[in-house]
Amino acid sequence: MALPSTEDIVDDLSFFDDWEDKYKYIIDLGKSLPEFDEAWRTQERLVKGCQSSVWIQPGNEQDPLKGEVLVFSVDSDAIIVRGLLGLVLAALNKKTPQEILDFDITAYFEELDLERHLSPTRGNGLRSIVNRIKGIAQAAV
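Residues numbered from 1 in each chain as written. Predicted model: local features only at pLDDT ≥ 70, side-chain atom pairs only at ≥ 80, totals over all residues. Heavy atoms only, no water.

Looking at an unreviewed UniProt entry, one finds the protein named SufE family protein and attributed to Marinomonas vulgaris. Taken directly from UniProt, the Sequence similarities (unreviewed entry) text for the protein runs: "Belongs to the SufE family." (UniProt positions renumbered as here; feature names shortened; annotations may be inferred.)

Undergrad: How would you sum up the overall build of the protein? Please name residues and give values.
TA: On a plain count of helices and strands, the protein comes out with six helices and two strands. Counting helices and strands in the order they occur from the N terminus, the protein gives α-α-β-β-α-α-α-α. Over its C-alpha atoms the protein spans a radius of gyration of 14 Å, differing by no more than 12% from the 14 Å that the globule rule assigns to 141 residues. When its C-alpha atoms are laid out on the principal axes, the protein stretches across 40 × 35 × 25 Å. When burial is assessed residue by residue, the protein has 44% of its 141 residues classed as buried. For the protein, the proportion of contacts with a sequence separation of at least 24, taken over those separated by at least 6, is 60%. Accessible surface, the protein as shown: approximately 7700 Å² in total, 51% of it carbon and sulfur. (Helix = DSSP H or I, 4+ residues; strand = E, 2+ residues; numbered from the N terminus. Rg over C-alpha atoms; globule rule 2.2 N^0.38 Å. Buried < 20%, exposed > 50% of the residue type's maximum accessible area, 1.4 Å probe, protein only. Contact = heavy atoms within 4.5 Å. Areas by Shrake-Rupley, 256 points an atom, 1.4 Å probe, with all protein chains shown as cover.)

Undergrad: Can you break down the environment of Leu89 residue by residue, with the values?
TA: Residue position: Leu89 is located in helix 3 (residues 79–92). Measuring from C-alpha to C-alpha, the distance between Leu89 and Ser5 comes to 9.5 Å, with 84 residues separating the pair along the chain. Leave out the neighbours within four places in its chain, and Leu89 touches Leu3, Leu33, Phe72 and Val74.

Undergrad: Lay out empty space enclosed by the protein in plain terms, naming residues and giving numbers.
TA: Summed over the entire model, instances satisfying the criterion amount to one cavity of 30 Å³ or more. When its volume is computed, the largest cavity comes out at roughly 50 Å³. Taken together, Cys50, Gln51, Ser52, Val81, Leu84, Thr121, Arg122, Gly125, Leu126 and Ile129 make up the full set of residues lining the largest cavity. Put simply, the parts of the chain that give the lining of the largest cavity at least two residues each are helix 3 and helix 6 (120–140). Ranked by the residues each element gives to the lining of the largest cavity, the list is headed by helix 6, at five residues. The residue inventory of the lining of the largest cavity, partitioned by class, reads five nonpolar, four polar and one charged. (1 Å grid on protein atoms, 1.4 Å probe; cavity = no way out; pocket = protein on both sides within 12 Å on 5 of 7 lines; lining within 4 Å. Points joined across faces, edges and corners; volume = space filled by probe spheres on them. Nonpolar A, V, L, I, M, F, W, Y, C, P; charged D, E, K, R; others polar.)

This is how it looks when you write it as structure tokens:
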């Protein structure tokens with residue numbers, strides 16, 4: 001199943017009045033992520049700086065319009081973090097390395113009013129995930 005666009009996520013989350021419903025939406029987003037290969041649960045793929053365990057497996061594929069794009073398989077041992085990974089992938093998956101580097105993730109998170117509703121350690125972990133993906137994109141430019 002394809003993730004919704006960042007615009008759709010912003011619209012969907014703005015529909016809910018309270019954060020309990022927004023968390024449920026984010027958790028459901030995480031449940032829609034594809035299965036993660038057990039063989040990828042290695043130290044090299046583990047994101048440092050996350051309270052929960054988070055693994056990222058980068059890859060690439062050809063897009064008929066953009067050429068080579070980066071694709072990420074992700075997983076976490078925490079259901080809310082899988083949802084946060086879904087939010088990140090909606091913005092950064094299947095994009096060219098330059099699109100990933102150019103995307104203003106801070107503005108996206110502000111539009112979602114996200115970081116205000118995360119614990120400081122969860123917010124730091126989210127930034128670590130984004131930094132890992134942007135680092136992979138930087139290396140590919």
